Amino acid sequence: MAVAAPTVVPTKPEAPSAPNLNDPQVVAERIKTALPDANLTANAQGLSVNRNNIVEVMRFMRDDPQLKLDYLANLTSVDFPDRIEVVYHLASIDRGGSTVTVRVDADRQDPVVPSVVPVYRGADFQEREVYDMMGVRFTGHPNLRRILMWDGFEGFPLRKDYHEPYYEEEHKPFGTRWDQGHHTIAEDRNPWHDNVKYPANFDAPNYKPQRDQIRTVGIEEARASKLRTDRLVVNIGPQHPSTHGVLRLRVTLDGETVLAADPVLGYLHRNHEKIGERNTYIQNMPFTDRLDYLTSMSNNLAYAITVEKLMGLKVPERAEYVRVIMNELTRFISHLALVGFFYSDLGAYFTPVLYGLEERELVLDLFEAASGSRMMCNYMRFGGLTRDLPDGWLDTCRDLVLNRFPRVVDEFETYLVHNELFNARAKGVGIVPRDVAINYSAAGPVLRASGVKYDVRKADPYSIYNRFDFDIPFRTSGDTFDRFVLRLEEMRQSLKILKQALEQIPQGEIQTGKKNYQVRVPKGDVYGRAENPKGELGFYVVSDGSPNPYRYHVRSPAFINLGMLNEMASGYKLQDLIIILGAIDLTMGEVDR
């Protein structure tokens, strides 16, 4: 009997997968198609663009409807022996995913690169920092001047040939301290005058700093003027309590109306990045504690995941859960502090902040039990943690997360958000539209309060955040009220993540491999980022294969958010300026570095 042949059902050919629009080589092909004359190359690590084409290439990447690389996440530079390289990291707000790296080479003797401020206004402060620290001149920048050092400073502190006063050696551990243990302090071995550089024709003994031209008004003139006003320049800070640290604001006023607000930075600058390049990789872990000193655990995590990318390390499961728990506890108490201090800026002197600090102390007890320190925790290591949690720690944490903290957030909302005076002072003040916030590279609650649903934990997941069910709170008015309320909503989401992490945390190891006081990181470069309480905290690390980073750069969310202050405050009253600044949430250790 004949057997019928089986019926063959034709299969549809698989549809080609969509190209990865965050792949530098895919991006380069789209650019070359649209801009055939653009001089650029690409590989898996990023794009290299001729400096003469950088502005048009950046504008295309921002405006192309498919690429939509509309967010300048980071801008920095590297001093190589034969050139200075300016490095940009771009992201897409709508698509998410990893950042795209763009590099531009500049002549080391006379580094000049066109400014991208006309494309991304978030480049303003970042280009000024590169000019200040590396000496790269950005043509077309609207206000190119030093930002962390004083205007008469001699030299560029992040250049490899710059030696600071009391300079010892290029890299730690210093030979004077290792391994004999006998040490004479640098101040005794290197007298101050031997390694201090002054500008040409600088007369140090007779130097008098140039004063800002501030017009003063006498009593008689004031009486005669009645309600007529004139423009005045007023300095607020750097010792004023409302500037949240040693920040100076040079404010131009017409009566009580703010015409311009120019942040003057650098009073707490200690060249964090230069010290970071002197340090070994592991020595920088406790050094990150000193950035935003209210968010030590989160700083540790952002730095750890950056170096782990270069090293290719996989972190044990238990350590990943502990990291998330520490990170979300940090977010919770950081927002608690902001909510309290904001009310101090409004005039409710210290009562709300003391209620917030009371809850914060309970979390600091947990940090101290785990790490040995309340604020400078130094708890994370490449590949894991310094030590496991002590007995009873998780039970105490569960009690706070499940029973106490939800009630605290509800109380804060009831008494603070629904306060009549708060609503009158905060609503409609300091408005930043969505497109402006994105273009200024705003991050964190400042960005999300302007209607941008962007959070690095979702957009470019790290650690094990992709396992947790949580929402990204966002508001739409973009005013000071929304920036305040958003923090309370984020505190609830942190508790939601904490509940899941505390339920799921497994037993097991907390460190990959053995603990080492020194690690060697493979050659290469990497930009790592994490969603810190104040926004995207990024680390750009370049490794030459030695135990010390060749380049170590910190992308400070508060520093970049502060670049938008003039946009936020212009046209509002002087009393509004104080709460607009407070809602940004600054820690000057991170701003000035």
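From a predicted model like this one, the values you see are computed outputs, not experimental measurements. (Residues numbered from 1 in each chain as written. Predicted model: local features only at pLDDT ≥ 70, side-chain atom pairs only at ≥ 80, totals over all residues. Heavy atoms only, no water.)

Please provide a residue-by-residue account of a nonpolar patch on the surface, values included.
On the surface, F341, Y349, F350 and L354 cluster together into a nonpolar patch covering about 430 Å² of accessible area. One can find Y349 in the loop between α9 (317–346) and α10 (351–371). (Patch = residues over 30% accessible without salt bridge, like charges linked within 9 Å, V, L, I, M, F, W, Y side chains within 5 Å. Areas by Shrake-Rupley, 256 points an atom, 1.4 Å probe, with all protein chains shown as cover. Salt bridge = Lys/Arg side-chain N within 4 Å of Asp/Glu carboxyl O. Helix = DSSP H or I, 4+ residues; strand = E, 2+ residues; numbered from the N terminus.)

Residues and numbers for the side chain of R159, please.
For R159, the position within the fold is in the loop between β7 (137–139) and α4 (186–189). Despite its burial, R159 pairs with no opposite charge, the nearest such side chain being D79 at 4.9 Å. Those residues in contact with R159 that sit more than four places away from it in its chain are D79, I84, R108, P111, M133, M134, G135 and K274. (Buried < 20%, exposed > 50% of the residue type's maximum accessible area, 1.4 Å probe, protein only. Lys, Arg positive; Asp, Glu negative; His and termini not counted. Contact = heavy atoms within 4.5 Å.)

Before we move on, can you summarise the packing of aromatic side chains with the specific residues and values?
Two numbers describe a pair of aromatic rings. These are the distance of the centres and the angle of the planes. Tallied over the entire structure, the rule returns 19 aromatic pairs. On the numbers, 5.7 Å between centres and 25 degrees between planes, the contact of Y343 with F422 is stacked. Here the residue Y343 occupies a position in helix α9, and F422 occupies one in helix α12 (residues 420–426), the gap between them amounting to 79 residues. Y343 sits in the buried class, given a relative accessible area of 6%. You can call F422 buried: its relative accessible area is 1%. When the ring of Y465 is compared with that of F470, the centres are 6.3 Å apart and the planes differ by 70 degrees; the resulting orientation is edge-to-face. In this structure Y465 comes out as buried when scored by relative accessible area, which is 1%. Since its relative accessible area comes to 2%, F470 is described here as buried. An aromatic cluster of three or more residues is present, and its members are Y321, Y462, Y465, F468 and F470. Across the ring face of F125, the terminal group of R128 is positioned such that the distance to the ring centre comes to 5.6 Å. The side chain of K427 reaches across the aromatic face of F481, ending 4.9 Å from its centre. (Phe/Tyr/Trp six-rings, centres within 6.5 Å; stacked < 30°, edge-to-face > 60°. Lys NZ or Arg CZ within 6 Å of the ring centre and 35° of its normal.)

With reference to specific residues and values, describe the pairing of strand β1 (residues 40–43).
Within a regular strand, the side chains alternate between the two sheet faces. In this sheet, strand β2 (residues 46–49) lies alongside β1 in antiparallel orientation, the contact comprising four bridges. If you follow L40 over to β2, its bridge partner there is V49. Taking the residues between adjacent antiparallel strands as the criterion, β1 and β2 are bridged by two residues. (Pairing = 2+ DSSP bridges.)

Can you tell me about helix α16 (residues 480–504), naming the residues and giving the values?
Here α16 spans 37 Å end to end across 25 residues, near enough to the 36 Å set by a 1.5 Å rise per residue. Burial runs high along α16: 19 of the 25 residues are buried. (Expected span 1.5 Å × (residues − 1).)

So, unusual backbone geometry: which residues are in play, and what are the values?
Across the junction of K172 and P173, the peptide omega takes the value 0 degrees, indicating a cis bond. Secondary-structure assignment places P173 in the loop between β7 and α4. Here D585, not a glycine, exhibits a phi torsion of approximately 75 degrees, which is positive. Relative to the elements of secondary structure, D585 occurs in the loop between α19 (574–584) and α20 (588–592).

Run through the side chain of N423, naming residues and quoting values.
Along the chain, the position of N423 falls in helix α12. Reaching out from N423, the side chain makes a polar contact with the backbone oxygen of N419 at a distance of 2.8 Å. Excluding anything up to four places from it in sequence, N423 contacts V417, H418 and F481. (Polar contact = N/O pair within 3.5 Å; in protein donor to acceptor, adjacent residues only side chain to side chain.)

Describe the pairing of strand β5 (residues 100–106), with residues and values.
Of all seven residues that make up β5, six are buried, and the element is covered over most of its length. Examined bridge by bridge, β2 and β5 share two bridges and lie parallel to one another. Looking at β5, one finds that S48 is bridged to R103. Direction of pairing for strand β4 (residues 83–91) relative to β5: antiparallel, over a ladder of seven bridges. Bridge pairing links V87 to R103 in β5.

Before we move on, could you go through the pattern of salt bridges and cite the residues and values that matter?
Inspection of every chain in the model, using the stated rule, returns 49 salt bridges. For D132, the salt bridge identified is with R146, shortest N-O distance 2.5 Å. Highlighted residues: D132 in helix α3 (residues 123–134) and R146 in the loop between β7 and α4, separated in sequence by 14 residues. R146 shares its class with D132; the two are buried. For R551, the salt bridge goes to E277, with nearest N and O atoms at 3.0 Å. With R551 in strand β15 (residues 551–555) and E277 in helix α6 (residues 272–278), this pair connects stretches of sequence that are 274 residues apart. Taking relative accessible area as the criterion, R551 reaches 3% and is therefore assigned buried. E277 gets classed as buried once you look at its relative accessible area, which sits at 4%.

Tell me about the sheet that holds strand β9 (residues 248–254), residues and numbers included.
Sheet architecture is open: three strands sit in the order β8-β9-β10, paired in antiparallel fashion. Looking at strand neighbours, the two that pair on one side only are β8 (231–236) and β10 (257–264), the edges of this open sheet. Neighbour to neighbour, the strand axes of the sheet diverge by 20 degrees on average, direction disregarded. Pairing of β8 with β9 involves six bridges; the strand directions are antiparallel. What sits directly across from R231, in β9, is D254. Against the sheet, α19 touches β8, β9 and β10, its axis set at about 150 degrees to β9. (Axes fitted to C-alpha atoms, helices over the stretch in contact; angles between N-to-C directions.)

I'd like a description of helix α8 (residues 296–311), backed by residues and values.
Between the first and last C-alpha of α8 there are 23 Å, a value that for 16 residues agrees with the 22 Å anticipated at 1.5 Å per step. For α8, a buried count of 14 out of 16 residues is recorded, marking the element as mostly surrounded by other parts of the structure. Within two residues after α8, G312 carries a phi angle of roughly 70 degrees, on the positive side.

So what about the packing of α9 against α19? Which residues, and what values?
At a minimum axis distance of 9 Å, the contact between α9 and α19 shows a crossing angle of 175 degrees. Classed by the angle they form, the pair α9 and α19 counts as roughly antiparallel. Judged by residue contacts, L338, F342, D345 and L346 of α9 engage I578, I579, G582 and A583 from α19. Classifying every residue of the contact of α9 with α19 gives six nonpolar, one polar and one charged. (Parallel < 35°, antiparallel > 145°, perpendicular 65-115°, else oblique. Nonpolar A, V, L, I, M, F, W, Y, C, P; charged D, E, K, R; others polar.)

I'd love a proper account of the environment of Y131, names of residues and values included.
Mapped onto the fold, Y131 is located in helix α3. A residue is classified by how much of its surface remains accessible, and Y131, at 22% relative accessible area, is partly exposed. Note: C-alpha distance between Y131 and I147 (16 residues apart in sequence) is 8.7 Å.

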